[in-house]
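# Breakdown of the fold
Spelled out, the chains give:
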Amino acid sequence: MKYKNIIWDLDGTLLDTLEDLADATNYALRTNGMKERTLDEVRQFVGNGVRNLIIRAVPDGEDNALFEKVFTTFKEYYIIHCQDKTTLYPGIKETLECLKQRGLKMAIVSNKLQKGVSELYEIWFKETIDIAVGERENIRRKPERDMVDIAMREMEAKAEDTVYVGDSDVDIATARNAGLDCISVLWGFRDYDFLIAHGATLFAKAPADIVDLLT
């Protein structure tokens, strides 16, 4: 295979987390007397960490006097309810098992809070993926390369042997900043035209396509 290592984005790539993120966002907004957001609005807000999700969801963002309260409410709710509706995308389980059998090392790198990433990892990925890196104190979030560098050090991976797989413009930029090739998936939170406009060059229409793209 051309690559020995894969770094996966989480939300919109491995897991369909949109409804749980939307429910937590709207609970936080509703609890603090603010207008709720549609599922499509939340789809556009995700991809650059949960703080940015809430900045986009709250009127006037961080300038709103209630912003920090809304953000705290969101985090407290989401930690409890992050598994209510979240599920693997069809074909992901089989693809991960296939790649594991072929000897690839794999990591998750997500802008989601580390506690949430760790919980989801234990439920869905501990049998197939080696490492899960979430948002940590004093570590810059994607699209900066810091979290990718942590994963690559733990996997003892080289850039020329590693590919990044994600569903968003943030993932394209992350791969570019880390010096990695990037596969953009078409089942996630962004569509083909959006990804093309943000520099995507290699696409997977279904998880099984990734196996073919790696050979």
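Along every chain, residues carry numbers that run from 1 in the direction the sequence is written. Local features are withheld for residues below a pLDDT of 70 in this predicted model, meaning they are given only at 70 or higher, and side-chain atom pairs are given and counted only at 80 or more; totals for whole chains, interfaces and linings count all residues. Only heavy atoms go into the side-chain values, all of them from the structure, while hydrogens and water stay out.

### A closer look at empty space enclosed by the protein
In this analysis a 1.4 Å probe is tested at points of a 1 Å grid over the protein atoms alone, and where it fits but cannot get out there is a cavity; an open set with protein on both sides within 12 Å along at least five of seven lines is a pocket; lining residues have an atom within 4 Å of a point. Grid points are joined across faces, edges and corners, and a volume is the space filled by probe spheres set on the points. Enumeration according to the criterion identifies two cavities of 30 Å³ or more in this entry. Counted as a void, the largest cavity has a volume near 230 Å³. Along the walls of the largest cavity sit 18 residues, with Asp11, Val46, Gly47, Asn48 and Gly49 positioned nearest its centre. Helix and strand definitions here come from DSSP, where helices need a minimum of 4 consecutive H or I residues and strands a minimum of 2 consecutive E residues; each element is numbered from the N-terminal end. Secondary-structure elements contributing two or more residues to the lining of the largest cavity are helix 3 (50-57) and strand 4 (105-113). Class assignment of the residues belonging to the lining of the largest cavity gives a composition of five nonpolar, six polar and seven charged. As for the second largest cavity, its lining consists of Val50, Phe74, Lys75, Tyr78, Ile79, Lys112, Leu113 and Gly116. At the level of secondary structure, the elements contributing two or more residues to the lining of the second largest cavity comprise helix 4 (67-81) and strand 4. No other element matches helix 4, which puts four residues into the lining of the second largest cavity. Put simply, Ala, Val, Leu, Ile, Met, Phe, Trp, Tyr, Cys and Pro go in the nonpolar bin, Asp, Glu, Lys and Arg in the charged bin, and everything else, Gly too, in the polar bin.

### Regarding the sheet that holds strand 1 (residues 5-8)
Two strands pair if DSSP finds at least two bridges between them. Reading across from one edge, 5-4-1-6-7-8 is the order of the six strands in this open sheet, with parallel pairing throughout. Two strands in the sheet have a free side with no partner beyond their single neighbour: strand 5 (131-135) and strand 8 (203-204). Sheet topology note: the strand 1/strand 4 ladder contains four bridges and is parallel. Of the residues in strand 4, the one forming a bridge with Ile6 is Met106. It only takes one pair of heavy atoms within 4.5 Å for two residues to be counted as in contact. To obtain each axis, a line is fitted to C-alpha atoms, and for helices this fit is confined to the stretch in contact; angles are then taken between N-to-C directions over 0 to 180 degrees. The sheet contacts of helix 6 (residues 114-124) involve strand 4 and strand 5, and relative to strand 4 the element is tilted by about 140°.

### A word on the pattern of salt bridges
Salt bridge, as applied in this entry: a Lys or Arg side-chain nitrogen positioned within 4 Å of an Asp or Glu carboxyl oxygen. Inspection of the entire model under this criterion finds 18 salt bridges. When the shortest N-O distance is used, the salt bridge between Arg51 and Glu68 registers 2.5 Å. Of this pair, Arg51 sits in helix 3 while Glu68 sits in helix 4, and the two are 17 residues apart along the sequence. Throughout, exposure labels follow a simple rule: accessible area from a 1.4 Å probe, protein chains only, divided by the maximum for the residue type, with under 20% read as buried, over 50% as exposed, and the rest as partly exposed. Using a relative accessible area of 23% as the deciding quantity, one classes Arg51 as partly exposed. According to the relative accessible area criterion, Glu68 is partly exposed, its value standing at 43%. Among the ionic pairs, Lys100 bridges to Asp130, the shortest N-O distance being 3.4 Å. Residue Lys100 is found in helix 5 (residues 92-101), and its partner Asp130 is found in the loop between helix 6 and strand 5; the two are separated by 30 residues along the sequence. Overall, the relative accessible area of 37% leaves Asp130 in the partly exposed class. One salt-bridge network, held together by shared partners, links Asp9, Lys142 and Asp171.

### Things to note about the nonpolar core
Ranked by internal contacts, the top residues of the largest apolar core, which has 52 residues, are Ile6, Trp8, Leu14, Phe74, Phe125, Ile129 and Leu214. Leaving out residues up to four positions away in the same chain, Phe74 has contacts with Leu21, Ala24, Thr25, Ala28, Val50, Leu53 and Ile54. Counting 21 residues, the second largest nonpolar core, distinct from the first, contains Ala151, Ala178, Leu195 and Phe203. In these notes, a set of buried Ala, Val, Leu, Ile, Met, Phe, Trp, Tyr and Cys residues joined through side-chain atoms within 4.5 Å is what counts as a nonpolar core.

### Considerations on the packing of helix 3 against helix 4
Closest axis-to-axis distance for the helix 3/helix 4 pair is 10 Å, and the angle between their directions is 130°. Taken together, helix 3 and helix 4 sit at an angle that is classed as oblique. With respect to the hand of their crossing, helix 3 and helix 4 are arranged in right-handed fashion. Between helix 3, through Val50, Arg51, Leu53, Ile54 and Ile55, and helix 4, the contact on the second element is made entirely by Phe67, Glu68, Val70, Phe71 and Phe74. Looking at the contact of helix 3 with helix 4 residue by residue, the classes come out as eight nonpolar, no polar and two charged. Oblique is the label for any angle not covered by the other classes, which are roughly parallel (under 35 degrees), roughly antiparallel (over 145) and roughly perpendicular (65 to 115). Should the near helix be turned anticlockwise from the far one by less than a right angle, the crossing is termed left-handed; should it be turned clockwise, right-handed.

Geometry only, nothing functional implied.
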